[in-house]
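Architecture and fold: a report
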Amino acid sequence: MGADSRVAIIRCADYGEEAVYRALSEAVDAAGGLSVTGKCVLLKPNIVRDAPPERAITTHPAFLAAAIRLVRARGAARVLVGDSPGVQPPGFQAKQSGLGAAALRYGAEWVDFTARTVGLSCPEGKMVKHFIVSAAVEAADVIISLPKLKTHELLYFTGAIKNLFGLVPSVQKSVWHVRFPRREQFAAMLVDLAVAVQADYALMDAVTGMEGPGPGAGYPRHIGAALASANLLALDMAACMMVGYPPREIPVNREALDRGLWLTGTEQIVFPALTPADMAVSDFQRIPFRRAGGQLAEFFLPPLRKIRARAEKRPRIQDEICVRCGDCARICASRAIRLEEGGAARRMIIDHRACIRCYCCHEICPAKAITLEKPARF
Ligand code: SF4
Ligand code: SF4
């Protein structure tokens, strides 16, 4: 990730492939260019769950197609594409989202992130010194994050830095949720991962974003923009400004800013094209902020930590919508979800004492059967 803090915001009204290609080309030029000649480029779209593009859960296939064409046109020798959703079936090809087909159509190689992994050291990591990631990270000379602008129930917002978490293969991601159950800890782990990966660039799909209970169960929201930057933090902060999130209130942004990584404040961001105000979506449905900070108090007063944990929203399964696929139980590293067998009354049960409120089940439920609800007495 470079120190260049230019973020190019370009209008892109729809997912017509030529329109997206033109917008991305313009954005990259405005942000200072992209050097990929003769290099192996890894494009990392966001596939939290493989779902049709109109659901706005994944980066749009037309956006990926435009990104592949763009790096090819600028001389990339080899283009790899991949992601690893929370619950990844064997031989995952991202069929429903159309991303697998888009990769192949434009001559990129689809990479199974679970097939081969490598260790990645992070000596300067605050929470984690060593990650296991897809071997594609090692194979690539240039890594480009392709997030979709979305809300996130745990972290409020998900963008270019959070998107790198998909480099950790499949359900191994859940292990980090268990190890770092508090959102500030989890955000610090994500910043460690970004430091270790050293992604070079980000292209954000903000043509249609997701508002409401994201990143898997929210609502598509037309925004009409494409963003480009060599600085993933600057790009994420610009996107936050577009949808009305104070950038510093997002735990991942705050953690990176406090460490002085890549940027120390919004005043350092340069907008060579449109500004966030030009593309502002004033009524974007954001995730309301919950009680923040207090880590020192929680350290000395463990009961305070428990009270706060109890005040967090809880997952609730709506039996009438649940299709009993079992994905929520598979992804829950706390083993808080089980199938209760009882003849015709088979249903998924959540043990709220074991639940750490990571919301992975909510993210990946294909039926939108899991809602997050505030406990009645809070
Ligand atoms: S709640 Fe969702 S993920 Fe869990 S079994 Fe039901 S449909 Fe599947
Ligand atoms: S039940 Fe859901 S929110 Fe609770 S720990 Fe399991 S995956 Fe996370």
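1. Quick word on the overall build of the protein
Across its full length, the protein carries 13 helices and 15 strands. What you see for the protein is a C-alpha radius of gyration of 20 Å, in line with the 21 Å of a compact globule of 378 residues. Considered along the principal axes of its C-alpha atoms, the protein spans approximately 60 × 45 × 40 Å. Within the protein, the fraction of its 378 residues that count as buried is 50%. In the protein, of all internal contacts separated by at least 6 residues, the share reaching a separation of at least 24 is 76%.

2. So, the site of ligand 2
As a structural note, the neighbourhood of ligand 2 is formed by 14 residues, with Cys332, Ala336, Cys355, Cys358 and Cys361 the closest of them. When the residues that make up the shell around ligand 2 are grouped by side-chain class, the tally is twelve nonpolar, one polar and one charged.

3. Overview of the environment of Arg72
Summarising the element assignment, Arg72 is placed in helix 2 (residues 61-73). Judged by local crowding, Arg72 falls into the partly exposed class, with 17 C-beta atoms found within 10 Å. Separated by 98 residues in sequence, Arg72 and Ser170 have C-alpha atoms that sit 28 Å apart. Not counting the four nearest positions on each side in its chain, Arg72 is found in contact with Val79 and Gly107.

4. Concerning the packing of helix 1 (residues 17-30) against helix 2
Running from N to C, helix 1 and helix 2 cross one another at 55°; their axes reach a closest spacing of 9 Å. Overall, the two elements helix 1 and helix 2 adopt an arrangement that is oblique. For the element pair helix 1 and helix 2, the recorded crossing hand is right-handed. Residues Glu17, Val20, Tyr21, Leu24, Ser25 and Val28 of helix 1 lie in contact with helix 2, whose contacting residues are Ala62, Phe63, Ala65, Ala66, Ala67, Arg69 and Leu70. Of the residues belonging to the contact of helix 1 with helix 2, the class tally is ten nonpolar, one polar and two charged.

5. Some details on the site of ligand 1
Lining the immediate environment of ligand 1, one finds 13 residues, of which Cys322, Cys325, Cys328, Cys365 and Ala367 sit closest. In the shell around ligand 1, the residues fall into ten nonpolar, one polar and two charged.

6. A short note on helix 7 (residues 183-197)
The first and last C-alpha atoms of helix 7 sit 21 Å apart over 15 residues, in line with the 21 Å expected at 1.5 Å per residue. Burial analysis of helix 7 places twelve of its 15 residues in the buried class, which makes it a mostly covered element. Buried residues of helix 7: Arg183, Phe186, Ala187, Ala188, Met189, Leu190, Val191, Asp192, Leu193, Ala194, Ala196 and Val197, and no others.

7. Remarks on the domain arrangement of the protein
You can read the domains of the protein as domain 1 (8-279) and domain 2 (301-373). Each of domain 1 and domain 2 was reduced to a C-alpha centroid, and the two centroids are 27 Å apart. Broken down by class, the residue content of the side of domain 1 that touches domain 2 amounts to ten nonpolar, four polar and two charged.

8. Remarks on helix 6 (residues 172-179)
Looking only at helix 6, the buried set comprises Ser174, Trp176 and His177. Projection of helix 6 onto a plane perpendicular to its axis shows the buried side chains occupying an angular sector of 155°, all on one side. The secondary structure elements touched by the buried residues of helix 6 are helix 7, helix 12 (327-331) and helix 13 (360-364).

9. So, the nonpolar core
Ranked by internal contacts, the top residues of the largest apolar core, which has 127 residues, are Leu24, Leu64, Ala67, Ala226, Leu227 and Ala238. Among the domains, domain 1 (8-279) and domain 2 (301-373) are the pair contributing at least three residues each to this core. Each residue touching Leu227, except ones within four places of it in the same chain, is listed here: Val7, Ala8, Ile9, Ala27, Met204, Ala206, Leu235, Ala238 and Ala239.

10. Notes on unusual backbone geometry
In the segment running from Gly214 into Pro215, the intervening peptide bond is cis, with an omega of 10°. Within the secondary structure, Pro215 sits in the loop between strand 10 (201-211) and strand 11 (219-229). Backbone geometry at Trp262 places phi at a positive 70°, although glycine is not the residue there. On the secondary structure map, Trp262 appears in the loop between helix 9 (251-258) and helix 10 (295-300).

11. Looking at the pairing of strand 7 (residues 142-146)
Burial of strand 7 is extensive: four of the five residues sit out of reach of the surface. For strand 2 (residues 40-45) and strand 7, the ladder comprises five bridges, and the chain directions are parallel. Each bridged residue has a counterpart across the sheet, and for Pro45 the counterpart in strand 7 is Leu146. With two bridges joining them, strand 7 and strand 10 adopt parallel strand pairing. From the neighbouring strand, Ser145 faces strand 10, where its bridge partner is Ala202.

12. As for the packing of helix 7 against helix 9
The interhelical angle for the contact between helix 7 and helix 9, taken along N-to-C directions, is 60°, at an axis separation of 8 Å. Classed by the angle they form, the pair helix 7 and helix 9 counts as oblique. At the point where helix 7 passes helix 9, the crossing takes the right-handed sense. Contacts from Arg183, Glu184, Ala187, Ala188, Leu190 and Val191 of helix 7 reach helix 9 at Pro251, Val252, Glu255 and Ala256. A class-by-class count of the residues in the contact of helix 7 with helix 9 yields seven nonpolar, no polar and three charged.

Reading the values: the criteria
- Residues numbered from 1 in each chain as written.
- Chains lettered and ligands numbered in written order.
- Predicted model: local features only at pLDDT ≥ 70, side-chain atom pairs only at ≥ 80, totals over all residues.
- Helix = DSSP H or I, 4+ residues; strand = E, 2+ residues; numbered from the N terminus.
- Rg over C-alpha atoms; globule rule 2.2 N^0.38 Å.
- Buried ≥ 20, exposed ≤ 12 C-beta atoms within 10 Å, placed from the backbone.
- Contact = placed C-beta atoms within 7 Å.
- Near = placed C-beta within 6 Å.
- Nonpolar A, V, L, I, M, F, W, Y, C, P; charged D, E, K, R; others polar.
- Axes fitted to C-alpha atoms, helices over the stretch in contact; angles between N-to-C directions.
- Parallel < 35°, antiparallel > 145°, perpendicular 65-115°, else oblique.
- Left-handed = near helix turned anticlockwise from the far one by under 90°.
- Expected span 1.5 Å × (residues − 1).
- Domains from an automatic or database assignment.
- Arc of directions from axis to C-beta.
- Core = buried A, V, L, I, M, F, W, Y, C linked by C-beta atoms within 7 Å.
- Pairing = 2+ DSSP bridges.

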